[in-house]
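Listed below, chain by chain, are the residues.
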Amino acid sequence: MFTKLTLTNFKTWRNCPDIHLAPVTMILGANSSGKSTLLQSLLLLKQTAASPDRTIHLNLGGDEVNDYFNFGSFDDVLTRNVSPREFGIALSIKYHETSKRDSGLMKIVYNQFVDLELAYRKTSVGAPIVQTLAMRGKDGAFRLERGEKGAYRLFIDDEPSIGQSRSFAPERSIALSAEALQKLGPDAAAVAQDLSLVLRRELEAIAYLGPLRKKPERDYAWNRSRPGLLGADGSGVMNALLASVYAKGETTQDMQSVLSGGAKEDSNDLLKEVSTWLNRMGVAEKIELKQLGYSSRYELIVHKDGIAANLRDVGIGVSQVLPVLTLAYFAKRGSTVLLEEPEIHLHPLAQSVLAELFVKVAKERGIQFIVETHSEHIFRRMQTLIATGKAKVADCQMYFVKRAKADARLTTLELDEFGSVKNWPDKFFGDSLGEAREQALARLARMRKLANAG
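The residue numbers shown here count from 1 along each chain, following its written sequence. Given that the model is predicted, a residue must reach a pLDDT of at least 70 before its local features are reported, and side-chain atom pairs must reach 80 or more before they are shown or counted; all residues, however, enter totals for whole chains, interfaces and linings. As a rule here, side-chain values come from all non-hydrogen atoms in the structure, and water together with hydrogens is ignored.

Undergrad: Just checking my understanding: could you explain the pattern of salt bridges for this structure?
TA: A pair is scored as a salt bridge if a Lys or Arg side-chain nitrogen falls within 4 Å of a carboxyl oxygen belonging to Asp or Glu. This structure, assessed with the given rule, holds 18 salt bridges. Between Asp115 and Arg136 there is a salt bridge; the shortest N-O distance is 2.3 Å. Note that Asp115 is positioned in strand E6 (residues 106-122) and Arg136 in strand E7 (residues 128-137), a separation of 21 residues in sequence. Residue classification places Asp115 among the buried residues on the basis of a relative accessible area of 15%. A simple rule labels every residue: compare its accessible area, found with a 1.4 Å probe on the protein chains alone, to the largest value its type can have, and call it buried under 20%, exposed over 50%, or partly exposed in between. Judged by relative accessible area, which is 40%, Arg136 ranks as partly exposed. The shortest N-O distance in the salt bridge between Glu376 and Arg380 comes to 3.2 Å. A run of H or I in DSSP becomes a helix once it reaches four residues, and a run of E becomes a strand once it reaches two; helices and strands are each numbered from the N terminus.

See the structure below:
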């Protein structure tokens, strides 16, 4: 689980304070305030760690198939008018071992940590390059510093440099090169490799769903292959649902791992869980999948008020929230799920139920949710969950982002044990009091005008 994120000179975040991340973290604020950038920084490291080129320092994107986000150039990421021309990303991770309880639920025990600090500059040709890399765990700390002519100095803990070489250049921002590991010696190299492995594993376990989701189709083709990722637009939802219903007997290692990190029972219940939450939202009683004759095409049927209708023929809200609900149970246990505007096209009641989803799934499956949202209804329900004791303040971190000219500013919302906000930001959800006052004055003025006219 990611526990802290810090950005320096990263887009609108010139001097970002430490952002402490909880099992459920909500980021609220106005449009173009810098909320999405916080999620994008994690995606940048994720797509870098997944790059097929191990020598790459930072993958700014451009591959529409494999990359999550196209960041453009180094200068597009760097905050304007800064010196030195350098941006940084720092994060902390707590990782865990799991054991199964008698009830079948997974018990998560956090007992290790990894801290990562990165600073980037650009080369003479404009490519981003690691200027400094620092990794730290309980068994040791390692640091690389780029010096003259591209040579990197290697450090262990707080000791003086043990060597310098161009061949010590880091790989994918999170790993030391073979030459650097050899210089460390076998014991220290094993620790460094373990740290890199944890970082890569946590970044790979990030699942992302963006604000623009694929429109529903009348039917879908499925070749009974293993489901892939859901995709940033949720385009893989039907593959996941179909596999959970029609491929229960197929036990290939790929399908097991992609569906639920090896927990087959999760895949069998995927459609049931999604139906349950749609019912709680009041948008459908259940959904089912139907094969069209003996073909390889299937349709999704939505049941509500005694009527069964094709997904294409019901309100757009069902198809837009379907990826959110599916991803909550599709992602591997212990994953981090990044969501942008999960509430899109949902009515207020349905939006508020999403808060319950986040809290419940975080507890039961160890999923970490980092949610960028404009929804007052999700936030209000989260307050209610805290007030009723169904959620703990420590497990629900809330932030408000606003702009101060060109820079983003972060406010940590301080909630008490009853869910009340101690430091309510100005115009947090618009100016409701101002609207009410203006309505009252307008009503009074019109009543006086009507009375005078009579």
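Undergrad: Teacher, can you tell me more about the pairing of strand E8 (residues 140-146) here?
TA: For a regular strand, side-chain orientation follows a simple rule: the groups alternate between the two sheet faces. Looking at chain direction, E7 and E8 are connected through six bridges and run antiparallel. Along E8, the bridge assignment pairs Met135 with Phe142. Following E7, the chain reverses through two residues before pairing antiparallel with E8. The pairing criterion for strands is at least two bridges between them, as found by DSSP. Strand direction decides the pairing type here: E8 and strand E9 (residues 152-156), joined by five bridges, are antiparallel.

Undergrad: When you look at the nonpolar core in this model, what are you seeing that I'm missing?
TA: It is characteristic of soluble globular proteins that their nonpolar side chains tend to be buried jointly. The set of buried Ala, Val, Leu, Ile, Met, Phe, Trp, Tyr and Cys residues whose side-chain atoms join them within 4.5 Å is what this entry labels a nonpolar core. Core analysis: the largest hydrophobic core is formed by 66 residues, its most contacted members being Leu354, Leu357 and Phe369. Core analysis: the second largest hydrophobic core is formed by 62 residues, Leu21, Tyr95, Phe142 and Leu195 among them.

Undergrad: Explain the packing of helix H10 (residues 348-365) against helix H11 (residues 376-387) here, please?
TA: Describing two packed helices takes the angle between their axes plus the distance from one axis to the other. Inter-axis angles, ranging from 0 to 180 degrees, are taken between N-to-C directions of lines fitted to C-alpha atoms, where helices are fitted over the stretch in contact. The geometry of H10 relative to H11 is characterised by a closest axis approach of 7 Å and an angle of 50 degrees between their N-to-C directions. Judged by the angle between their axes, H10 and H11 are oblique. Seen from above, H10 lies across H11 with right-handed handedness. Residue-level inspection shows Pro348, Leu349, Gln351, Ser352, Val353, Leu354, Ala355, Glu356, Phe358 and Val359 of H10 in contact with H11, the latter providing His377, Ile378, Arg381, Met382 and Leu385. Three residue categories are used. Nonpolar comprises Ala, Val, Leu, Ile, Met, Phe, Trp, Tyr, Cys and Pro, charged comprises Asp, Glu, Lys and Arg, and polar comprises the others, including Gly. Its residues placed into classes, the contact of H10 with H11 shows ten nonpolar, three polar and two charged. An angle below 35 degrees is read as roughly parallel, one above 145 as roughly antiparallel, one from 65 to 115 as roughly perpendicular, and any other as oblique. Here is the rule for handedness: rotate from the far helix to the near one, and if that takes an anticlockwise turn smaller than a right angle the crossing is left-handed, while a clockwise turn gives right-handed. In what follows, residue pairs with any heavy atoms lying within 4.5 Å of each other are defined as contacts.

Undergrad: Can you walk me through helix H4 (residues 186-204) in this structure?
TA: In an α-helix, one turn spans 3.6 residues, which is why side chains three or four residues apart end up on the same side. The end-to-end C-alpha distance of H4, which contains 19 residues, comes to 26 Å, matching closely the 27 Å that a straight helix rising 1.5 Å per residue would cover. When we look at burial in H4, the residues that qualify are Ala188, Ala189, Ala192, Leu195, Ser196, Val198, Leu199, Glu202 and Leu203. A helix is expected to reach a length of 1.5 Å times the quantity of its residues less one.

Undergrad: How should I be thinking about the packing of aromatic side chains in this particular structure?
TA: A ring pair, where both rings are aromatic, is described by two values, the distance of the centres and the angle of the planes. Pairing of aromatic rings covers Phe, Tyr and Trp, the last counted by its six-membered ring, and requires centre-to-centre distances within 6.5 Å; plane angles under 30 degrees mean stacked, over 60 mean edge-to-face, and any other angle means tilted. Considering all chains together, one arrives at eleven aromatic pairs under this definition. Aromatic side chains Phe10 and Phe71 sit 6.4 Å apart centroid to centroid with 75 degrees between the ring planes, which places their arrangement in the edge-to-face category. In this pair, Phe10 is assigned in strand E1 (residues 2-10) and Phe71 in the loop between helix H1 (35-49) and helix H2 (74-77), connecting sequence segments 61 residues apart. As far as the burial class goes, Phe10 and Phe71 line up, both buried. Geometrically, a charge over a ring is one whose NZ (Lys) or CZ (Arg) sits within 6 Å of the ring centre while staying within 35 degrees of the ring normal. Its guanidinium or amino end placed over the ring of Phe155, Arg143 lies 4.1 Å from that ring's centre, counting from NZ or CZ.

Undergrad: Is there a simple way to explain the side chain of Arg213 in this structure?
TA: Tracing the backbone shows Arg213 in the loop between strand E11 (206-209) and strand E12 (220-221). The buried charged residue Arg213 lacks any salt bridge, with Glu343 as its nearest oppositely charged partner at 6.5 Å. In terms of polar contacts, Arg213 uses its side chain to reach the backbone carbonyl oxygen of Gln320, at 2.8 Å. Residue contacts for Arg213: discarding those within four places in its chain leaves Asp233, Gln320, Pro323, Val324, Glu340, Glu341, Pro342 and Ile344. Think of it this way: Lys and Arg go in the positive column, Asp and Glu in the negative one, and His and the chain ends go nowhere. Between N or O atoms, a polar contact is any pair within 3.5 Å; within protein, one atom must be a potential hydrogen donor and the other a potential acceptor, and residues adjacent in sequence are included only when both atoms are from side chains.

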